[in-house]
Amino acid sequence: APGLQDVIRALGEVLADPDAGVRDPAAARDLCVRFQQTTGPVMAKSIEDTAFYRWHRLIALNEVGVNPALGGNAQMRELHDWALHQQAHWPLGMTTLSTHDTKRSEDLRARLLAVAGDEQAWTECGRAAYEAREEHGIDGCAAHLIWQTLVGVGPINSERLAAFVTKAIREAKLHTSWINVEADYEGRVLACAEEMRTSGEVHDAINSAIERSEHQITALVLAQKLLQLTMPGLPDTYQGTEVVDLSLVDPDNRRPVDYARREAALARIDAGGDPVGLSEMKMLVTARALRLRRTMPEVFGAGGTYRALHAGPHLLGHVRAERVAALALRAPHGVSMDTLSDHRVELVAGRWVDELTGRELQIGESGLELTEVFRDAPVALLVAQVDA
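I will try to describe carefully the structure that is included in this document.

Conventions and cut-offs
- Residues numbered from 1 in each chain as written.
- Predicted model: local features only at pLDDT ≥ 70, side-chain atom pairs only at ≥ 80, totals over all residues.
- Heavy atoms only, no water.
- Helix = DSSP H or I, 4+ residues; strand = E, 2+ residues; numbered from the N terminus.
- 1 Å grid on protein atoms, 1.4 Å probe; cavity = no way out; pocket = protein on both sides within 12 Å on 5 of 7 lines; lining within 4 Å.
- Points joined across faces, edges and corners; volume = space filled by probe spheres on them.
- Nonpolar A, V, L, I, M, F, W, Y, C, P; charged D, E, K, R; others polar.
- Axes fitted to C-alpha atoms, helices over the stretch in contact; angles between N-to-C directions.
- Parallel < 35°, antiparallel > 145°, perpendicular 65-115°, else oblique.
- Left-handed = near helix turned anticlockwise from the far one by under 90°.
- Contact = heavy atoms within 4.5 Å.

So, on to the environment of Gly 303. Looking at the secondary structure, you find Gly 303 in the loop between helix 13 (297–300) and strand 3 (306–309). In sequence terms Gly 303 and Ala 321 are 18 residues apart; their C-alpha atoms lie 8.9 Å from each other.

Written as structure tokens, this is what we have:
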């Protein structure tokens, strides 16, 4: 408000430096502490717990600490710039993909991003959902949230979906809220969600979209995990996310973890067994990358180096200390062997081994062709070999 400009300016001066030019420094410092205690919850409630439940263009971007507006035209340079800054200033800072406060788990977001790369499938899901929302008389934002949730979360029972949808529309505070529950509206939303889950045009469009993007989902799930585990910082693996985890906001993402199943899968892979399904492929990537960090701390620690790797529009990768390279397919919907064959990645010439497959690669002075990098999988973790 115009009439408060002088008050706000004076308040800002006190908050910026409570010891400068005030009559009561103790009161000014107390004001600062109380202000800091208040602004965090206010910001979280207004953005993460309100705006993020209203803005549903692509819900994979509605994540704690993320600016959804940046996702529409994301560039590789932005990630590399962040990594260089992290290595220079916070080399031991935590990096993570999922936490106890995550709106949607890492793999759920990856599934959504993969399907979003298929414009035809995305458009068809959105069109069908819009028609469904008219039939049920609900808000378009709610319908758009529901079908995207079903794409990301995969098979889900009625109770679990209803709990999430109820929380989401109450947090949005557009037609109902925790304080003023509109039972009739909530019932229509839940009926629409159940229909999308079980049958009908939206249900069929979702299944088709997921089927069309199966390989892209695999690529993105593995890519983001490999990059997280090898970038500057100390990677955190939230409970249970060593394998594919498709969790929604709390309390859904705090469900009990079946560690026995994970331990059995890891033991079988360590014994030489091939990973079965995407979950065990992710387990393999996680285990091999973390063990590499343990055996090569000088590469991944504060004294290590980071160099972005560039080789066309479909490579996202980096090399640490010129000894460990993490390579992943980017924008996999547009990838073919023809699009990869003209691009080479620059690495130190010599013998390298892919930690994920055990395959040896001899890299020459002209680098390594991407068709060779991604011959067997959409990710590679290459380690330079020092011959005795």
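What follows picks up the thread again.
Enumeration over the complete set of coordinates arrives at three cavities of 30 Å³ or more. A volume near 100 Å³ is recorded for the largest cavity. Considering the residues around the largest cavity, the lining is formed by 13 residues, among which Tyr 53, Ala 142, Ile 169, Ala 172 and Leu 174 are closest to the centre. Put simply, the parts of the chain that give the lining of the largest cavity at least two residues each are helix 6 (140–153) and helix 7 (158–172). Split by residue class, the lining of the largest cavity holds nine nonpolar, three polar and one charged.

Glancing now at the packing of helix 4 (residues 106–116) against helix 10 (residues 214–230). Look at helix 4 against helix 10: their axes get within 8 Å of each other, and the N-to-C directions meet at 135 degrees. Compared by their axis directions, helix 4 and helix 10 come out oblique. In the crossing of helix 4 with helix 10, the sense of the turn from one axis to the other is right-handed. Facing Glu 106, Asp 107, Ala 110, Arg 111, Leu 113 and Ala 114 of helix 4, the residues of helix 10 in contact are Gln 216, Ile 217, Leu 220, Val 221, Gln 224 and Lys 225. Per-class residue counts for the contact of helix 4 with helix 10 are six nonpolar, two polar and four charged.

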